[in-house]
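Observations on chain architecture
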Amino acid sequence: MVTCNCYFINHGIQRVFDSFGEITVEPGYDPSRRGEGDWRYASVKFGKVTLERPRVWTGESSDGKEVLNFLPRHARLQNMMYSSRMKVQVHFQMESDLGHNAAVCRTKWDGSGGLTAGNYEFIDVLRSDKRYIVDLDFSGEFEIARPTDLYNLLLQILPGVFVGRSEDLKKIVKLICDAAKRSLKRRGLHLPPWRKNRYMQNKWFGPCRRTAAPNPPLPPPPPTAVTVKCRSVGFDAVSDGRLFVRTR
């Protein structure tokens, strides 16, 4: 018999994320120093949380990603964890006066030559000739079935939120994909197409469409007093110099 704490699922999870408040990427960082670490002057805040039904990818369809409902008995028979995907709306905020170009990136690629079609979404930040990748569920992208103890240890080392240079990310993805292949082989399982290095690399380095936040509007002109029956009405100008990127 499976019991469900519906209150926690419907309200408790949201309260947990709300309790985090606004998180500074690197607390105590001094943005006046300027230089390689400027991207650290940013903050993250969680929004709406959505919990999906547990699902499993069978690999039976043409693109290798047919999805079926996953029940507790399936997990017991296959010795797999009974879990579901959680989607969290995240607000990523960075100071625009540091000269950054931040945007939401959506990669999408077609299947060909053994490559499975797919798509992905993350944030990138451009500064001078450097590109920084911000991924808010990084370690979760490398989960596999029946991992070995060594692979589990590797996943624990990976950050949940990745912020780093694109060239470093390429090396990390290659390393983890090779480890996933060895782990599955040791368990007598095949490497699924959506865990191969080529597929994983396309998540962050495939054909990409960037959606940047619009430039902040110009401040309104100074207020002008209007006299009506000896009463003056006016509005103060409001200006916000921060760049705001929203993901979902």
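Scope of this entry: the structure provided in the associated data block. (Residues numbered from 1 in each chain as written. Predicted model: local features only at pLDDT ≥ 70, side-chain atom pairs only at ≥ 80, totals over all residues. Heavy atoms only, no water.)

**A few points about the state of the cysteines**
Filter applied, for reference: The term disulfide is used for any two cysteine sulfur atoms that are within 2.5 Å. Here the term buried applies to any residue with accessible area under 20% of the maximum for its type, exposed to any over 50%, and partly exposed to those in between, with areas from a 1.4 Å probe on protein chains only.
Tallied over the full model, the rule gives zero disulfides. Free of any disulfide, Cys105 has its nearest cysteine sulfur in Cys208, 3.6 Å distant. Take Cys105: its relative accessible area is 0%, and that puts it in the buried class.

**Considerations on the pattern of salt bridges**
Put simply, the rule reads: Salt bridge, as used here: a side-chain nitrogen of Lys or Arg that lies within 4 Å of a carboxyl oxygen of Asp or Glu.
Evaluated as defined, the whole model comprises seven salt bridges. Between Arg165 and Glu167 there is a salt bridge; the shortest N-O distance is 3.8 Å. With a relative accessible area of 31%, Arg165 lands in the partly exposed category. In this structure, Asp168 and Arg165 form a salt bridge, with 3.1 Å as the shortest nitrogen-oxygen distance. One continuous salt-bridge network, built from bridges that share partners, spans Asp124, Arg131 and Arg210.

**A word on the side chain of Glu141**
Heads up, the condition is: Where helices and strands are cited, they refer to DSSP runs of H or I of at least four residues and of E of at least two residues respectively, numbered from the N terminus. In protein, a polar contact means a hydrogen-donor-capable atom and an acceptor-capable atom, both N or O and within 3.5 Å, with residues adjacent in sequence counting only if both atoms are side-chain atoms; elsewhere, any N or O pair within 3.5 Å suffices. By definition in these notes, contact holds between two residues if any of their heavy atoms fall within 4.5 Å.
The topology assignment puts Glu141 in the loop between strand S8 (130-135) and helix H3 (149-157). A distance of 2.4 Å separates the side chain of Glu141 from the side chain of Lys203, its partner in a polar contact. In contact with Glu141, other than residues within four places in its own chain, are Arg85, Tyr120, Arg195, Met200 and Lys203.

**Overview of the pairing of S8**
The condition that has to hold: Strands are labelled as partners when DSSP assigns at least two bridges between them.
Where strand S7 (residues 118-127) lies against S8, five bridges are found, and the strand directions are antiparallel. Bridge assignment links Leu126 to a residue of S8, and that residue is Arg131. Taken together, S7 and the strand that follows it, S8, pair antiparallel across an intervening segment of two residues, in which Ser128 is found at a positive phi of about 55°. As paired elements, S8 and strand S9 (residues 162-165) share four bridges and run antiparallel to each other.

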